[in-house]
Amino acid sequence: LPELALRRELHARGFRYRLQKEVIPRRRVDIAFVNAKTAVDVRGCFWHGCSDHFAVPKSNPEWWVEKIESNRTRDMETESLLKGLGWRVVVVWEHESPMLAADRIEAVLRERSVR
Ligand SMILES: [Zn+2]
């Protein structure tokens with residue numbers, strides 16, 4: 001599981017975080033660095049409609065398109081709500097290398113200089 005690999009890597013680098021934190025009611029942050037107000041949103045290529053890997057299933061295509069579109073809308077809403085509260089949001093896709101994603105997150109956390 002890529003998210004687990006990412007979490008392990010962040011932990012190995014000395015970062016501590018909360019999982020599934022409800023920063024905003026009914027919207028959970030996958031990996032939350034509370035002191036640094038940094039949220040990592042791990043998005044599955046299918047469920048979150050990755051532009052490179054999402055393919056509409058052959059059965060019930062209209063339903064799926066609507067479903068994935070509403071997931072994407074919700075992702076964007078969550079991102080802007082978090083930003084409104086002063087959080088930074090790092091979006092990580094399932095297809096990304098956990099190492100490179102950890103590098104990106106580490107750079108953001110270092111800017112905020114909190115571990
Ligand atoms: Zn993808």
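Look up: the structure comes first, before these words.
Residues numbered from 1 in each chain as written. Predicted model: local features only at pLDDT ≥ 70, side-chain atom pairs only at ≥ 80, totals over all residues. Heavy atoms only, no water.

Thoughts on the overall build of the protein chain
Looking only at helices and strands, the protein chain has 3 helices and 4 strands in total. Relative to the 2.2 N^0.38 estimate, which gives 13 Å for 115 residues, the radius of gyration of the protein chain is 15 Å and therefore close to what a compact globule would have. Taking the principal axes of the C-alpha coordinates as reference, the protein chain spans close to 45 × 30 × 20 Å. Long-range pairs, those at least 24 residues apart, make up 58% of the contacts in the protein chain with a sequence separation of at least 6. Within the structure as shown, the protein chain displays about 7100 Å² of accessible surface, and the carbon and sulfur contribution to it stands at 53%. The centroid of the 21 positive side-chain charges in the protein chain is displaced by 7 Å from the centroid of its 17 negative side-chain charges. (Helix = DSSP H or I, 4+ residues; strand = E, 2+ residues; numbered from the N terminus. Rg over C-alpha atoms; globule rule 2.2 N^0.38 Å. Contact = heavy atoms within 4.5 Å. Areas by Shrake-Rupley, 256 points an atom, 1.4 Å probe, with all protein chains shown as cover. Lys, Arg positive; Asp, Glu negative; His and termini not counted. Charge placed at Lys NZ, Arg CZ, Asp CG, Glu CD.)

What to know about the side chain of E9
When you line up the elements, E9 lands in helix 1 (residues 2-12). Taking the relative accessible area as the measure of exposure, E9 reaches 18% and is therefore buried. Apart from the residues lying within four places of it in its own chain, the contact partners of E9 are M99 and A102. (Buried < 20%, exposed > 50% of the residue type's maximum accessible area, 1.4 Å probe, protein only.)

Thoughts on the pattern of salt bridges
Within the structure shown, the criterion is met by 13 salt bridges. Residue E3 is joined to R7 by a salt bridge in which the shortest nitrogen-to-oxygen separation is 3.7 Å. Highlighted residues: E3 and R7, both in helix 1, separated by 4 residues, approximately one helical turn. Note on E3: relative accessible area 17%, which makes it buried. (Salt bridge = Lys/Arg side-chain N within 4 Å of Asp/Glu carboxyl O.)

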